[in-house]
Amino acid sequence: MGCAISGLAAKAEFGERNTEDAAAATHPSEDQIQMIKESWKVIRDDIAKVGIIMFVRLFETHPECKDVFFLFRDVEDLERLRTSRELRAHGLRVMSFIEKSVARLDQLERLDALALELGKSHYHYNAPPKYYSYVGAEFICAVQPILKERWTAELEEAWKTMFQYVTSLMKQGYQEESIRQRHLTLSPKDRPEKRNTAL
């Protein structure tokens, strides 16, 4: 594919680093935030294109991800995906989330709340956390050709750091919602805080 990250070993390494919990994931540094924001100004002009490239690549490299997307589950023809209005719309929603994340990089509380909420909503979409890191890797592959000579190892590391931070929070949100939903399905007498501990 021409993307340095598209090798399975590199993707596996990117994904493994994303499995850390929120406490272990580091927030991008001030320098990284500036690099991300500057590069976003260029990427923003092509967000629809990046969104489509990102998801077509995702389905190509990780076909099991299509199971999460009802509309694309049975589509085998990648060309049909590239011209899909639904995929374009979903890609734009994801790019909008990335744009909001970039805008909130120096407003940690707002960024954390945004990512936690997205993780919670992904519980209801039946989109398990194991897929979240794949999106970051495919985003990085999709933006390299757009940024051309502006792309550096430092910029790649900055974007990886941001995605690792955001996906760790999404995973935390997913887990919180999973626990909350399990708690709601328990009958009142089975809920831990409702148990009578008196002798």
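Report on the accompanying structure. Just so you know, these numbers come straight off a predicted model, no measurement behind them.

## Overview of the overall build of the protein chain
Working step 1: What the protein chain contains, in helices and strands, is eight helices and zero strands.
Working step 2: Starting at the N terminus, the α and β elements of the protein chain follow one another as α-α-α-α-α-α-α-α.
Working step 3: Looking at the protein chain residue by residue over its 199 residues, the buried ones come to 47%.
Working step 4: The contacts of the protein chain with a sequence gap of at least 6 include a subset with a gap of at least 24, amounting to 77%.
Working step 5: In the form shown here, the protein chain has an accessible surface area of approximately 11000 Å², with 53% of it arising from carbon and sulfur atoms.

## Examining the layout of surface pockets
Working step 1: One number sums up the size of the largest pocket: a volume of about 600 Å³.
Working step 2: Every residue lining the largest pocket is counted, 23 residues in all, and those nearest its centre are Phe55, Phe69, His90, Val94 and His122.
Working step 3: Where the lining of the largest pocket is concerned, the elements lending two or more residues are helix H3 (47–61), helix H5 (85–103), helix H6 (108–124), helix H7 (132–147) and helix H8 (153–185).
Working step 4: In terms of residue count, the dominant contributor to the lining of the largest pocket is H5 (five residues).

## Some points on the side chain of glutamate 156
Working step 1: By the element assignment, glutamate 156 lies in helix H8.
Working step 2: Here tryptophan 151 takes part through its side chain, which lies 3.3 Å from a polar atom of the side chain of glutamate 156.

## Concerning the packing of H7 against H8
Working step 1: Where H7 contacts H8, the axes come no closer than 9 Å and their chain directions differ by 155°. Considering their axes alone, H7 and H8 lie roughly antiparallel with respect to each other. Between H7 and H8 lies a crossing whose hand is right-handed. Contacts between H7 and H8 involve Tyr132, Ser133, Gly136, Phe139, Ile140, Gln144 and Leu147 from the first element and Leu155, Glu156, Trp159, Lys160, Phe163, Thr167, Met170, Lys171 and Tyr174 from the second.
Working step 2: Of the residues in the contact of H7 with H8, the class split is nine nonpolar, four polar and three charged.

## A closer look at the environment of aspartate 31
Working step 1: The topology assignment puts aspartate 31 in helix H2 (residues 30–43).
Working step 2: Aspartate 31 sits in the exposed class, given a relative accessible area of 59%.
Working step 3: Between the C-alpha atoms of aspartate 31 and glutamate 154, which are 123 residues apart in sequence, the distance is 9.7 Å.

## Describing the environment of histidine 90
Working step 1: Relative to the helices and strands, histidine 90 resides in helix H5.
Working step 2: Residues histidine 90 and alanine 48, spaced 42 residues apart in sequence, show a C-alpha to C-alpha distance of 9.6 Å.
Working step 3: Filtering out sequence-adjacent residues up to four positions away, histidine 90 remains in contact with Phe55 and Phe69.

## Considerations on the packing of aromatic side chains
Working step 1: All chains considered together, the criterion is met by nine aromatic pairs.
Working step 2: Residues tryptophan 40 and tryptophan 159 carry aromatic rings whose centres are separated by 6.4 Å and whose planes lie at 50° to one another, so their mutual orientation is tilted. With tryptophan 40 in helix H2 and tryptophan 159 in helix H8, this pair connects stretches of sequence that are 119 residues apart.

## Topic: the nonpolar core
Working step 1: Grouped together as the largest cluster of nonpolar side chains are 52 residues, with contacts concentrated most on Trp40, Ile43, Phe59, Met95, Ile98, Phe139 and Trp159.
Working step 2: Here this core gets ten residues from one element, more than from any other, and that element is H8.
Working step 3: The contact partners of methionine 95, leaving out residues within four places of it in the chain, are Trp40, Ile43, Ile47, Val50, Gly51, Met54 and Phe139.

## Side note on unusual backbone geometry
One can expect most non-glycine residues to show negative phi and most peptide bonds to be in trans.
Working step 1: Non-glycine residue asparagine 126 carries a positive phi angle of around 55°.
Working step 2: For asparagine 126, the position within the fold is in the loop between H6 and H7.
Working step 3: At lysine 148, a position not held by glycine, the phi torsion is positive, near 50°.
Working step 4: Relative to the helices and strands, lysine 148 resides in the loop between H7 and H8.

Conventions adopted
- Residues numbered from 1 in each chain as written.
- Predicted model: local features only at pLDDT ≥ 70, side-chain atom pairs only at ≥ 80, totals over all residues.
- Heavy atoms only, no water.
- Helix = DSSP H or I, 4+ residues; strand = E, 2+ residues; numbered from the N terminus.
- Buried < 20%, exposed > 50% of the residue type's maximum accessible area, 1.4 Å probe, protein only.
- Contact = heavy atoms within 4.5 Å.
- Areas by Shrake-Rupley, 256 points an atom, 1.4 Å probe, with all protein chains shown as cover.
- 1 Å grid on protein atoms, 1.4 Å probe; cavity = no way out; pocket = protein on both sides within 12 Å on 5 of 7 lines; lining within 4 Å.
- Points joined across faces, edges and corners; volume = space filled by probe spheres on them.
- Polar contact = N/O pair within 3.5 Å; in protein donor to acceptor, adjacent residues only side chain to side chain.
- Axes fitted to C-alpha atoms, helices over the stretch in contact; angles between N-to-C directions.
- Parallel < 35°, antiparallel > 145°, perpendicular 65-115°, else oblique.
- Left-handed = near helix turned anticlockwise from the far one by under 90°.
- Nonpolar A, V, L, I, M, F, W, Y, C, P; charged D, E, K, R; others polar.
- Phe/Tyr/Trp six-rings, centres within 6.5 Å; stacked < 30°, edge-to-face > 60°.
- Core = buried A, V, L, I, M, F, W, Y, C linked by side-chain atoms within 4.5 Å.

Purely spatial values, then, with no claim about function.
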